[in-house]
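Structural description and commentary
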Amino acid sequence: MPAAVARADNPIVQTIYTADPAPLVYNGRVYLYTGHDEDNSTYFTMREWRVWSSADMVNWTDHGSPMNLSTFSWASSDAWAGQTVYRNGKFYWYVPVRMSNGSNAIGVGVSDSPTGPFRDALGRPLVQGSEIDPTVFIDDDGQAYLYYGNPNLWYVKLNADMISLNGSPAKIPLTTAGFGTRSGNTSRPTLFEEGPWVYKRNGLYYNVFAAKCCSEYIAYSTATSPTGPWTFRGTVMPTQGASFTNHPGVVDFNGGSYFFYHNGALPGGGGYTRSVAVEKFSYNSDGTIPQLSMSTTGAPQVGTLNPYVRQEAETIAWESGVETEPASEGGMNVGWIENGDNIKVKGVGFGTGASSFSARVASATSGGRIELHLDSVNGTLVGTCTVGGTGGWQTWTTVTCPVSGASGTHDLYFKYTGGSGNLFNVNWWQFAGNGGGDGGGGNLLTNGTVESGTSGWSVFGAGSLASSSTAHGGSQSLSLTGRTASWNGPAQDVTSKLTNGKSYTTSVWVRSQSGTPSAKVTLAVTAGGTTSYLQLTPAATVNSGGWTQLTGTATVSWSGTLTGATLYVETAAGTDGLLVDDASLQ
C-alpha cells in the first residue's frame, strides 16, 4: 500500500488496510481483532483476520494473521467482521464467512492465546444460513448471547461451552422506537443497518450499530434486558471520512472508555480500503454516549513505553514505508525497509539516560543504518547503528551501538538509511541504561537475557538447567530438561522485588525441545502462611520450530507478611524440555 506521510496516530495501523475493529481487554492489554482489506480492492476483498495489541493505546504490536479462510475447511470467501471473547481459559473468535454453496454462515475459531493460532472449534458452522457481523456478549449471570444481522437483527443464547446454541435464533423487533426512523426506504423503516456491538454498563445494556446506508454512521440504543425492548438513543459518530461503511467497538481500559471505528484515511483509502482508528471518550452523567468525531490525533497515551526491556520492532505508533511479516525466530518482524523509511514509537521513558542500543537484524543485501532520533524524524540524533549483510532476510544477528543524549520521555523515531532497494529486517530492539542498567527502572529479573549462563535462575520443582546455543536474542538461552511434572520450570525468586498492589508486565520467550505444549508464566506467592498462584501471562502454544512470546500484565497483591515469591514458566500438561530466553518483569 502507499506509504503513510502524516505524523498523526490515527489510523492506528498503517502497514496494511484494516477494518471492522473488535477490541478485547485482557491481562492489562487491549487486543484488537480486525479484518484485512486487500490493497487496491474494489469490493470487500478479505481473506484473513489480523490481531494487534497495546498496553498504552498508542503503540500497537502486530501479531500477524492467526486465522484465515483456510482455517475453516467449509468456507470459501468473505473473511468479514467478527469478534473475540474470552471464557473458560480460551479465546473464541466468531466470524461470518461465505460457504462454498454461496450461503452465509458464522464460524468459531478457538485458541489458548489471544494472539492465536486459532483453529476451527467445530469443523462446521455454528449458525448456517445466517446474516453477517456476529457480536457476543456474556452477561453478569454467565449467560452468553450471540447477536448478528443485516438486514435483520438476530440473537441466540450460547451454552457455557460457547460453541453450541441454547435454543433457536430469534429476531429482535426492529421498531422505530427501538432503532430510530429511516426515511426514503419503506423496506427498512429503522436506522439499523449492520455491525451490532452489545455490552453492559451500570446495569444498562447498550447496542451500538452502523446506521443507515449509504454512507453509514454510528448510532446506539439501550435496554434494561439483553433481549430488549430497545430504546433508540441517537448518534455516536456522524457520517464522516472516506469510507461509506463504519463499524463500532467499545471497551473500558485503565479507567478510560474507548470507541473504535474505521475510515478510509490512509493514502489509497476508501470504502474498500479502510483503516481502524480509536477515540477516547467519557460517558455523560446520565449514561448516554456523547457524539464523537473522527480525528487524526487519536487516543492519549496511557503511561510510557519502557525501552530497557526487549520491544518488538513491529510495535508501532506511526510508520512510513515499512511492512511486517512472520519472523523465523517467532512473532513478526519489520521488513521491506528502504532508504528514508521510518517508525515512530510514542512516549518512550528513558529515565536518567540510555547508553547503548541493540537491535536484532537480518539482511540479504549489504544492510544500512538505523538512526535514532528524538521527537521528530529529523530530531535530535542520539545514536546510529550500522547493519551489515547477514546472508539472508531471516538470518539474524544482534548489533549494538552507543547512545548519548536520550533521557526523560520522548517520541522515538527509527530512521532507516542506506543504498537503494530493501536494506534489512528488524525483529526487536532494546536500550541499556547508563552503567548497563535500565535507566532508573525496568527489568526486575536477574540475567533476564540469559547471557550470563544460569546465573540468577533456579528450577521450580524438578529438572536440570543449562545454557543452550539455540537463542532468541544474543548467543544463548536457558535449557531445562528432566521435568517430571507440568508445573516444573525455570524460575527466579522475586520476593524482595515486589510491591503489594502493584501491576507488573511479564515477557518471556519460550521454545519447546519437543512437542507442542501450552506454556504460561506463573507467580507463586506465599504470604500469611498460605501460597497462592497468579497467572502472569495468557497460555500460548509453544513448539520446537521457533520462539513464542509469553506476555501479560497482572496486579500482584497479598495479605499478611510476604515470605516468598517465585516466578516460573510451566506448561499445561506434559514434561517436554523447555528453552527460555529474554525474560523480563517490570
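This one's a predicted model, so the numbers in the text were calculated from it and none came from an experiment.

Turning our eyes to something else, we now look at the overall build of the chain. For the chain, the count of helices and strands is 1 helix and 45 strands. Computed over the C-alpha atoms, the radius of gyration of the chain is 24 Å, within 12% of the 25 Å expected from 2.2 N^0.38 for a compact globule of 586 residues. Dimensions of the chain, computed from C-alpha atoms along their principal axes, come out at roughly 75 × 60 × 50 Å. Burial statistics for the chain: of 586 residues in total, 59% are counted as buried. Counting contacts in the chain only where the partners sit at least 6 residues apart, residues at least 24 apart contribute 63% of the total. In the structure as shown, the chain presents an accessible area of about 20,400 Å², 46% of it carried by carbon and sulfur atoms.

It is worth spelling out the state of the cysteines at this point. Using the criterion set out here, one finds 2 disulfides in the structure. Here cysteine 213 is linked by a disulfide to cysteine 214, with a sulfur-sulfur distance of 1.6 Å. A residue is classified by how much of its surface remains accessible, and cysteine 214, at 46% relative accessible area, is partly exposed. When the cysteines engaged in disulfides are numbered in sequence order, the chain pairs them as 1-2, 3-4.

Time to look at the sheet that holds strand S39 (residues 502-512). The antiparallel open sheet is built from 5 strands, whose spatial order is S36-S37-S45-S39-S43. At either end of the open sheet lies a strand with only one pairing partner, and these are strand S36 (464-468) and strand S43 (548-556). Adjacent strand axes in the sheet meet at a mean angle of 30°, parallel and antiparallel pairs treated alike. Taken together, the 6 bridges between S39 and strand S45 (residues 578-585) define a ladder with antiparallel strand orientation. Paired with threonine 506 across the bridge in S45 is leucine 585.

Let us now look at the nonpolar core. Trp49, Val208, Phe259 and Ile289 are the most contacted members of the largest nonpolar core, which has 43 residues in total. By residue number, the principal contributor to this core is strand S8 (residues 90-99), which donates 5 residues.

Attention shifts here to the sheet that holds strand S15 (residues 165-171). Taken together, 4 strands build an open sheet; the order of strands is S12-S13-S14-S15 and the sheet is antiparallel. Each edge of the open sheet is held by one strand with a lone partner, namely strand S12 (135-138) and S15. The average angle at which neighbouring strand axes cross in this sheet is 20°, direction not considered. For S12 and strand S13 (residues 144-148), the ladder comprises 4 bridges, and the chain directions are antiparallel. Paired with phenylalanine 137 across the bridge in S13 is tyrosine 145.

Another point: empty space enclosed by the protein. One way to see where empty space is left: roll a probe the size of a water molecule over the atoms. Within the structure shown, the criterion is met by 5 cavities of 30 Å³ or more. Taken as a whole, the largest cavity encloses approximately 80 Å³ of empty space. Lining the largest cavity, in full, are Ile12, Val13, Gln14, Thr15, Trp52, Trp60, Asp62, Glu314, Ile316, Glu319 and Thr324. Residues of the lining of the largest cavity, tallied by class, amount to 5 nonpolar, 3 polar and 3 charged. A volume near 40 Å³ is recorded for the second largest cavity. Of the residues contributing to the lining of the second largest cavity, the split by class is 8 nonpolar, no polar and no charged.

Of the volumes computed, that of the second largest pocket is approximately 670 Å³. Along its surface, the second largest pocket is lined by 33 residues, and His63, Thr115, Gly116, Gly331 and Thr548 are the ones closest to its centre. Elements with a contribution of two residues or more to the lining of the second largest pocket: strand S4 (60-62), strand S42 (540-541) and S43. In terms of residues, the lining of the second largest pocket owes the most to one element, S43, which gives 4 residues. A breakdown of the residues in the lining of the second largest pocket according to their chemical character gives 12 nonpolar, 17 polar and 4 charged.

For the coordinates displayed, the defined rule picks out 38 aromatic pairs. Plain terms: the ring middles of phenylalanine 44 and tryptophan 80 are 6.0 Å apart, the flat faces sit at 75° to each other, and that makes the pair edge-to-face. Of the two residues, phenylalanine 44 sits in the loop between strand S2 (29-37) and strand S3 (48-54) while tryptophan 80 sits in the loop between strand S6 (75-77) and strand S7 (83-87), which places them 36 residues apart along the sequence. An identical accessibility class is assigned to phenylalanine 44 and tryptophan 80; each is buried. Arranged with centres 5.0 Å apart and planes meeting at 5°, the rings of tyrosine 199 and tyrosine 206 form a pair that is stacked. With respect to class, tyrosine 199 is no different from tyrosine 206; both count as buried. An aromatic cluster of three or more residues is present, and its members are Tyr33, Trp49, Phe72, Trp74, Trp93 and Phe118. Cation over ring: arginine 201 sits above tyrosine 283, and NZ or CZ is 3.8 Å from the ring centre. The ring of tryptophan 428 carries the charged tip of arginine 310 above its face, separated from the ring centre by 3.5 Å.

Attention shifts here to the pattern of salt bridges. Working definition: two side chains of opposite charge can pair if their charged atoms are close together. Scanning all chains against the criterion turns up 15 salt bridges. Of the charged contacts in the structure, one is a salt bridge between glutamate 48 and arginine 50, with a shortest N-O distance of 3.2 Å. In this structure glutamate 48 comes out as buried when scored by relative accessible area, which is 17%. Given the relative accessible area of 8%, arginine 50 is considered buried. Between aspartate 62 and arginine 50 there is a salt bridge, with its nearest N and O atoms 3.2 Å apart. Of this pair, aspartate 62 sits in strand S4 while arginine 50 sits in strand S3, placing them 12 residues apart in sequence. As far as burial versus exposure is concerned, aspartate 62 and arginine 50 are alike and both buried. Connected through salt bridges with shared partners, the residues Asp9, Lys344, Lys346 and Asp411 form a single ionic network.

Definitions and limits used
Residues numbered from 1 in each chain as written. Predicted model: local features only at pLDDT ≥ 70, side-chain atom pairs only at ≥ 80, totals over all residues. Heavy atoms only, no water. Helix = DSSP H or I, 4+ residues; strand = E, 2+ residues; numbered from the N terminus. Rg over C-alpha atoms; globule rule 2.2 N^0.38 Å. Buried < 20%, exposed > 50% of the residue type's maximum accessible area, 1.4 Å probe, protein only. Contact = heavy atoms within 4.5 Å. Areas by Shrake-Rupley, 256 points an atom, 1.4 Å probe, with all protein chains shown as cover. Disulfide = S-S within 2.5 Å. Pairing = 2+ DSSP bridges. Axes fitted to C-alpha atoms, helices over the stretch in contact; angles between N-to-C directions. Core = buried A, V, L, I, M, F, W, Y, C linked by side-chain atoms within 4.5 Å. 1 Å grid on protein atoms, 1.4 Å probe; cavity = no way out; pocket = protein on both sides within 12 Å on 5 of 7 lines; lining within 4 Å. Points joined across faces, edges and corners; volume = space filled by probe spheres on them. Nonpolar A, V, L, I, M, F, W, Y, C, P; charged D, E, K, R; others polar. Phe/Tyr/Trp six-rings, centres within 6.5 Å; stacked < 30°, edge-to-face > 60°. Lys NZ or Arg CZ within 6 Å of the ring centre and 35° of its normal. Salt bridge = Lys/Arg side-chain N within 4 Å of Asp/Glu carboxyl O.

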